[in-house]
Amino acid sequence: MAEFVQLSLVPMVIGALAALACALPGNFLLLRRQALIGDAISHVVLPGIVIAFLVTGSMAATPMLIGAAAAALVSVAMIEAIRRLGRVEAGAAMGVTFTALFAAGVLLLEQSNTAGVHLDVEHALYGNLESLVWFDAIGWGSLIDPSALAGLPPELWRMALAAAAVALALRLTWRPLAMATFDEGFARSVGVPVRVLGVGLVVSAAVAAVAAFDAVGSIIVIAMFIAPPATARLLTDDLRQQVGLSALFAVAAALLGYVLAGYGPLWLGGTHSVSAAGMIATVSGLFLGLAAAFGPRRRRAG
Amino acid sequence: MAWDVVFAALTLQAGYNAAVVLIGATLLGLSAGACGPFLFLRKRAMVSDALAHATLPGVALAFMALVALGGDGRFLPALLVGSALSAGAGLLAIDWLTHRTRLTEDAAIGAVLSVFFGAGVVLLTLIQSMGAGRQAGLEDFLLGSAAGMLAADAVVIGVGAALCLSIVVTFRRPLTLVAFDPIFAATSGINVRAMDRLALALALGVTVVGLKLVGLVLIVALLIVPPVTARFWTDRTGVLIALSALFGAVSAAMGTALSAAAPGLPTGAIIVLTAFGLFLVSFTGSPLRGVLAAAIKHRRTAVRVHRRQGLLALAKGEPIYDRMTLSVLRREGLLRRDGVATPRGEAAAADARREEARWAIARAVFDADGRRDDGLTPIDAVLTADQIAVIDQRLNTLSAV
């Protein structure tokens, strides 16, 4: 059991927090038909962190996060500029932007000699959830041992902070956001700042994506933005229930996926574990498949 | 950067292998550029992104099957069949989620993209644990690589791309009709569903064929960026498709040649950045829809409006305060620095006033071509000399009264 606390507990908690932070804003992105924004954001984070690395020369977390956030903002600005000035349809504008930025990130990465540090495209895609171990832990007792707690990976606190911030932002703007999501015209007519809310939603999605990206890679980010909210949407018509259920599915996918990736192959007689990030995304997909086949609210109304 | 090496590669002088790879890449760019407009015009560009990511489990499974059968896991045709099957499964999943549940298409695309890709990553790590080093080469499918590509693989890519291209050329008419006006296409006896499926099948074909060269993360750019770029230069579909194919081919060829000259450069990224460079040039510089052209046009209209309004103000003896109006009139020598009209300015103001009066009559009498009555069009561009004479006659009687 000591081994579980040391090797698996922290990654599972981080995975669950990352899933939660992405799934919460994902509900609103889904309802507003902006589901692919998460996809675009998680791609453009790569050039952001590469440029931050080139500028500062270190893998410290703060410049990485600033770089990633700046890249996310640049991409949103680029999409808007191409869409409005070039009169290009939104999906295509997004496709042009994120492929170009991702390609720039890959090129910079290969050109800058980052062989010495752990920064490569595979890392960006799959993250390094398995490596976030808690060296100082010797058992469950370490959870109340201050010196051991001080040795927890910093990613844990960052992810917890991001998840809390996103949850708080949604809680505070719940009513106007729900109104603006379901009936934008009505919301505007009663004085809800629709545009500000829209930008705020994208920003909170970017915060979640950037923080989660650092810990778990972009696959989980995209999967968690979309799959748990979509699953919940097929089960209920009530927004509150949908958000609650999506949080539940996100956490369940993270925990179950991590366990299956870490221990599943061993149960089947294998010797190595498989990618936890990939397995978490797969499990969330299984949930969605089941909901799409059997969910009580899977059909369109009327 | 050794530009002579790039030049040699582009002119097919860098050896047999490099030449075959370049031709394969160019064909791929051509056919991706030709297929792209049909997705772009139907606003389904992002479907191909999901297709590309959905290929990964198929690639991995095909690799495992090949190894299990005792063969070389990197046999490209088998990997392509595997990737086509799994991308096809992804397409069916999108279709199912979009049509059988209440999820919207963008949600279905995102879900399929991430879940299939996640499953593919799981399989990749499984392959890694099967035996170190044996998956070497599968990483190329993520970001693409022309460096060290075998001529045989390039031939597979080239033939596949040429096949897709010939299908586009054969079915260009029904595909175009459906892309622009599905309802009209249906009434003309075209099977819209079949044509939509064909467009997606073509996207799937191009995606699968291009995987090894461009990589599954970026292959979608070859389907999206060239048509968006071409759209800046033309309003005609035939030209759009041809230009898009040309831009695709140029991007693919340049990217391949550059990465052949410097093997460290990731091929897919260079191809995409070349395509993006063409896009930027068109976005800013196109005379038809470019940003610069639009800005110039906007400025010209503004100058004409300010000139006209300024002259009318002069004619009525009203003071002018607007800075732009003042500067426009001064620059043309119609107004002195102290705000008094020059002789030429007075003449122009009288002209403007007469023009305005004529238009007022024209609106009442002829109800003529109201569309052109924007306050800027000279009346003799719309009405005949006889009609203007009638108007002037009226004007004279009015002023006599």
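Everything that follows concerns the structure shown earlier in this document.
The following paragraphs examine the structure supplied in this document. (Residues numbered from 1 in each chain as written. Chains lettered and ligands numbered in written order. Predicted model: local features only at pLDDT ≥ 70, side-chain atom pairs only at ≥ 80, totals over all residues.)

Bringing the overall build of chain B into the picture now. Across its full length, chain B holds 17 helices and zero strands. A compact globule built from 401 residues should have a C-alpha radius of gyration of about 21 Å, whereas chain B, at 31 Å, is more than 25% larger. Across chain B, every contact between residues at least 6 apart in sequence was considered, and the portion connecting residues at least 24 apart equals 68%. (Helix = DSSP H or I, 4+ residues; strand = E, 2+ residues; numbered from the N terminus. Rg over C-alpha atoms; globule rule 2.2 N^0.38 Å. Contact = placed C-beta atoms within 7 Å.)

On to the overall build of chain A, then. When helices and strands are tallied, chain A shows 13 helices and zero strands. Ordered by position from N to C terminus, the α and β elements of chain A give α-α-α-α-α-α-α-α-α-α-α-α-α. Compactness check: chain A gives a C-alpha radius of gyration of 20 Å against a globular reference of 19 Å for 302 residues, within 12% of the reference. With respect to the principal axes defined by its C-alpha atoms, chain A has extents near 60 × 50 × 40 Å.

This paragraph deals with the nonpolar core. What tends to happen in soluble globular proteins is that the nonpolar side chains get buried as a cluster. Counting 230 residues, the largest nonpolar core has A21, A212 and I220 of chain A as its most contacted members. Examining the composition of this core, we find that 16 residues originate from one element, helix α1 (residues 2–31) of chain A, more than from any other. Excluding residues that lie within four positions of it along the chain, A21 of chain A makes contacts with M159, A162, A163, V166, A208, A211 and A212 of chain A. Among the nonpolar cores identified, the runner-up in size contains nine residues, and L314, L334, A348 and A349 of chain B belong to it. (Core = buried A, V, L, I, M, F, W, Y, C linked by C-beta atoms within 7 Å. Buried ≥ 20, exposed ≤ 12 C-beta atoms within 10 Å, placed from the backbone.)

Taken together, the contacts link 46 residues of chain B with 51 residues of chain A. When contributions to the side of chain B that touches chain A are tallied by element, the ones reaching two or more residues are α5 (105–130), α6 (140–143), α11 (219–231) and α13 (267–285) of chain B. No other element matches α5 of chain B, which puts 16 residues into the side of chain B that touches chain A. Partitioning the side of chain B that touches chain A into residue classes produces 33 nonpolar, eight polar and five charged. (Nonpolar A, V, L, I, M, F, W, Y, C, P; charged D, E, K, R; others polar.)

As a further point, take the packing of helix α3 (residues 47–68) of chain B against α5 of chain B. Residue and element names in this part refer to chain B. The geometry of α3 relative to α5 is characterised by a closest axis approach of 8 Å and an angle of 25° between their N-to-C directions. By the angle between their directions, the pair α3 and α5 is classed as roughly parallel. The two elements α3 and α5 cross, and the hand of that crossing is left-handed. Contacts from V47, D49, A50, H53, A54, L56, P57, A60, L61, F63 and M64 of α3 reach α5 at I109, V112, L113, F116, F117, A119, G120, L123, L124 and I127. (Axes fitted to C-alpha atoms, helices over the stretch in contact; angles between N-to-C directions. Parallel < 35°, antiparallel > 145°, perpendicular 65-115°, else oblique. Left-handed = near helix turned anticlockwise from the far one by under 90°.)

All names here are of chain B. Relative to each other, α3 and helix α10 (residues 192–214) sit at 45°, their axes nearing to 10 Å. By the criterion of interaxial angle, the relationship of α3 to α10 is oblique. As α3 packs across α10, the resulting crossing turns out to be right-handed. Packed against α3, whose contacting residues are V47, S48, L51, A52 and T55, the element α10 presents L200, A203, L204, T207, V208 and L211 at the interface.

With that settled, the discussion passes to the environment of F283 of chain B. Note that F283 of chain B resides in helix α13. Overall, F283 of chain B belongs to the buried group, with 22 C-beta atoms counted inside 10 Å. Separated by 163 residues in the primary sequence, F283 of chain B and G120 of chain B place their C-alpha atoms 36 Å from one another. Each residue touching F283 of chain B, except ones within four places of it in the same chain, is listed here: G86 of chain A together with F232, G290 and V291 of chain B.

Turning to unusual backbone geometry, a few remarks are in order. Residue and element names in this part refer to chain A. One non-glycine residue, R33, lies in the positive phi region at around 60°. Along the polypeptide, R33 turns up in the loop between α1 and α2 (36–56). Taking the number of C-beta atoms within 10 Å as the measure of exposure, R33 has 13 and is therefore partly exposed. Of note in this structure, R87 is not a glycine but carries a positive phi near 50°. With respect to the helices and strands, the residue R87 is situated in the loop between α3 (61–85) and α4 (90–111). Overall, the presence of 12 C-beta atoms within 10 Å leaves R87 in the exposed class.

Moving on: α13 of chain B. Spanning 19 residues, α13 of chain B covers 27 Å between terminal C-alpha atoms, matching the ideal 27 Å at 1.5 Å per step. Of all 19 residues in α13 of chain B, 14 are buried, a share of seventy percent or more. (Expected span 1.5 Å × (residues − 1).)

What follows is about α3 of chain A. Residues and elements named next belong to chain A. The first and last C-alpha atoms of α3 sit 36 Å apart over 25 residues, in line with the 36 Å expected at 1.5 Å per residue. All of the buried residues along α3 are M64, L65, G67, A68, A69, A71, A72, S75, V76, I79 and I82. Of the surrounding secondary structure, the elements contacted by the buried residues of α3 are α2, α4 and α10 (194–216). Downstream of α3 by a residue or two, R87 has a phi angle that is positive, lying close to 50°.

Turning our eyes to something else, we now look at the environment of R42 of chain B. Residues and elements named next belong to chain B. Tracing the backbone shows R42 in the loop between α2 (16–41) and α3. The spacing of R42 and P182 is 140 residues in sequence and 9.5 Å in space, taken between C-alpha atoms. Not counting chain neighbours up to four residues away, the residues in contact with R42 comprise A179 and A199.

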